[in-house]
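Summary of the model geometry
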Amino acid sequence: MPGEYSPYLFVVTMVIAAVAFAATPLLLAWLWAQKYSPNKPGPDKNATYECGLESKGDAWIQFKAEYYLYGIIFLIFDVETIFLLPFAVAFTGLGAGAFVAMAVFILLLVEGLAWAWMKGVLTWK
Amino acid sequence: MDEGLKNELQKQGVFTTTLEGIYNWGRQNSVWPLQFGLACCAIEMIATSMARFDLARFGAEVFRPSPRQADLMIVAGTVTKKMAPQVVRLYNQMPEPKYVIAMGACAISGGPFKQGYNVLKGIDRYIPVDVHIPGCPPRPEALLHAFMTLQQKIASQPLTGDHRPRHLHAELPSEFPVPAFGAHDLEPPNNPSLWQAPALRRG
């Protein structure tokens, strides 16, 4: 109906304009490439890596799972060192409660280490 | 359109151009070099891209770390025979149109290391070089001059006709053979379609 006010007309116009604004350069570039940019693929150009070296071997190789256990034991004792150092510095000024808490903490970790040792994790096979 | 009419229109404030002119103008002012240095010349290349010499004035400051995004390979330094296959492969991986500047005495001829058993006597034995720069190392001004020379070359490349550049010929290759490590030398020692040893004429 002529003269009728449609509040969504502006939105529709805006959507069409926005899509055209983005799509027109892409379309023009595609048309230009059809004539002035012949497609020239090749084994080097389609290669996965782009550092100049040829990729060789297989990506499906296996890593030793033992490294994971080594890593996690190292991490635990690395953190323990951080706690041991202030404990040693403040040792003379500490009460019995603090000493027991620290002893439990260290014993728990030593127990874990003994378990790993018995399991043979510390020998690299 | 002939030159006279173009000048006449320009005096009246009407500027005319061709599609080819606009296309090449855009291309020559947005050449992206490959971030790729081989030896001491690379230091001069870095200096060229820095504030004092400012390669950005020519629209070429965007050094790309991937050959897929680069238009220009600046072979800056000594190409050893160990490195030559990688250089050629990187060139092959660049999209067309692509250009090469051989920077410095080593890249164009082997330079002071020419007698070395492991030095390639010029990268133009394997890939087509557009601009050669002599010097050891060339000053940043020399690289800028080579760059302007390349811009002039790009501006003069026709879009149609028999003299159009290689990338517009669909049947011409975009990749060049990558040399392999042989028992004593690279095999082949050069690409015969690009470079041949100068023949000594006797008599």
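**Observations concerning the overall build of chain B**
- Each helix and strand in chain B was counted, giving six helices and five strands.
- The order of helices and strands in chain B, counted from the N terminus, is α-α-α-β-α-β-α-β-α-β-β.
- For the C-alpha atoms alone, the extent of chain B along its principal axes is close to 70 × 45 × 40 Å.
- When contacts within chain B are restricted to residue pairs at least 6 apart in sequence, those whose partners lie at least 24 apart make up 77%.

**Some remarks on the sheet that holds strand S1 (residues 72-76) of chain B**
Residues and elements named next belong to chain B.
- The three strands are arranged S1-S2-S3 in an open sheet whose pairing can be described as parallel. Of all strands in the sheet, those bounded by a partner on one side alone are S1 and strand S3 (131-133). Neighbour to neighbour, the strand axes of the sheet diverge by 15 degrees on average, direction disregarded.
- As paired strands, S1 and strand S2 (residues 99-103) are joined by five bridges and run parallel to one another. Bridge pairing in S2 links Val75 to Ala102.
- Against the sheet, helix H6 (residues 140-155) engages S2 and S3, with an angle of about 165 degrees to S3.

**As for the confidence of the model for chain A**
- On average, chain A scores 88 in pLDDT, and the residues at 70 or more come to 98%.
- Taking the mean pLDDT of every element in chain A, the minimum, 88, falls on helix H2 (residues 66-89) of chain A and the maximum, 94, on helix H1 (residues 9-36) of chain A.

**Regarding H2(A)**
- Here H2(A) spans 35 Å end to end across 24 residues, near enough to the 34 Å set by a 1.5 Å rise per residue.
- Within H2(A), only zero of the 24 residues are buried, which leaves it mostly out in the open.

**Quick word on the interface of chain A and chain B**
- Tallying the contact residues gives 10 residues for chain A and 15 residues for chain B.
- Residues belonging to the side of chain A that touches chain B are distributed by class as follows: four nonpolar, two polar and four charged.

**Points about the nonpolar core**
All names here are of chain B.
- Counting residues in each nonpolar core, the largest one holds 43 residues, and the members touching the most others are Met73, Val75, Ile101, Ala102, Met103 and Ile123.
- Elements that contribute at least two residues to this core include exactly helix H3 (41-49), S1, helix H4 (84-93), S2, helix H5 (104-109), S3 and H6.
- With sequence-adjacent residues up to four places away left out, Ile101 is seen in contact with Leu72, Ile74, Asp130, Val131, Ile133, Ala146 and Leu150.

**Quick notes on the pairing of S1(B)**
- When you tally the buried positions in S1(B), you get five out of five residues, the bulk of the element.
- Burial along S1(B) is two-sided: B:Leu72, B:Ile74 and B:Ala76 and B:Met73 and B:Val75, pointing in opposite directions, are all buried.

**Brief notes about unusual backbone geometry**
Residues and elements named next belong to chain B.
- A cis amide bond links Glu96 with the next residue in sequence, Pro97, at an omega value of -10 degrees.
- Here the bond from Cys136 into Pro137 is cis, since omega is -10 degrees, no more than 30 degrees from zero.
- Considering the arrangement of structural elements, one finds Pro137 in the loop between S3 and H6.
- In this model, Asp54 sits at a positive phi of 60 degrees, which is unusual for a non-glycine residue.
- In this fold, Asp54 is placed in the loop between H3 and S1.

**Description of the packing of helix H2 (residues 19-28) of chain B against H6(B)**
Residues and elements named next belong to chain B.
- Two elements in contact, H2 and H6, have axes whose closest approach is 8 Å; the angle formed by their N-to-C orientations is 155 degrees. Here H2 lies roughly antiparallel to H6, going by the angle between them. Between H2 and H6 lies a crossing whose hand is right-handed. Facing Asn24, Arg27 and Gln28 of H2, the residues of H6 in contact are Gln151, Ile154 and Ala155.
- A breakdown of the residues in the contact of H2 with H6 according to their chemical character gives two nonpolar, three polar and one charged.

Calculation notes
Residues numbered from 1 in each chain as written. Chains lettered and ligands numbered in written order. Predicted model: local features only at pLDDT ≥ 70, side-chain atom pairs only at ≥ 80, totals over all residues. Helix = DSSP H or I, 4+ residues; strand = E, 2+ residues; numbered from the N terminus. Contact = placed C-beta atoms within 7 Å. Pairing = 2+ DSSP bridges. Axes fitted to C-alpha atoms, helices over the stretch in contact; angles between N-to-C directions. pLDDT = per-residue confidence, 0-100. Expected span 1.5 Å × (residues − 1). Buried ≥ 20, exposed ≤ 12 C-beta atoms within 10 Å, placed from the backbone. Nonpolar A, V, L, I, M, F, W, Y, C, P; charged D, E, K, R; others polar. Core = buried A, V, L, I, M, F, W, Y, C linked by C-beta atoms within 7 Å. Parallel < 35°, antiparallel > 145°, perpendicular 65-115°, else oblique. Left-handed = near helix turned anticlockwise from the far one by under 90°.

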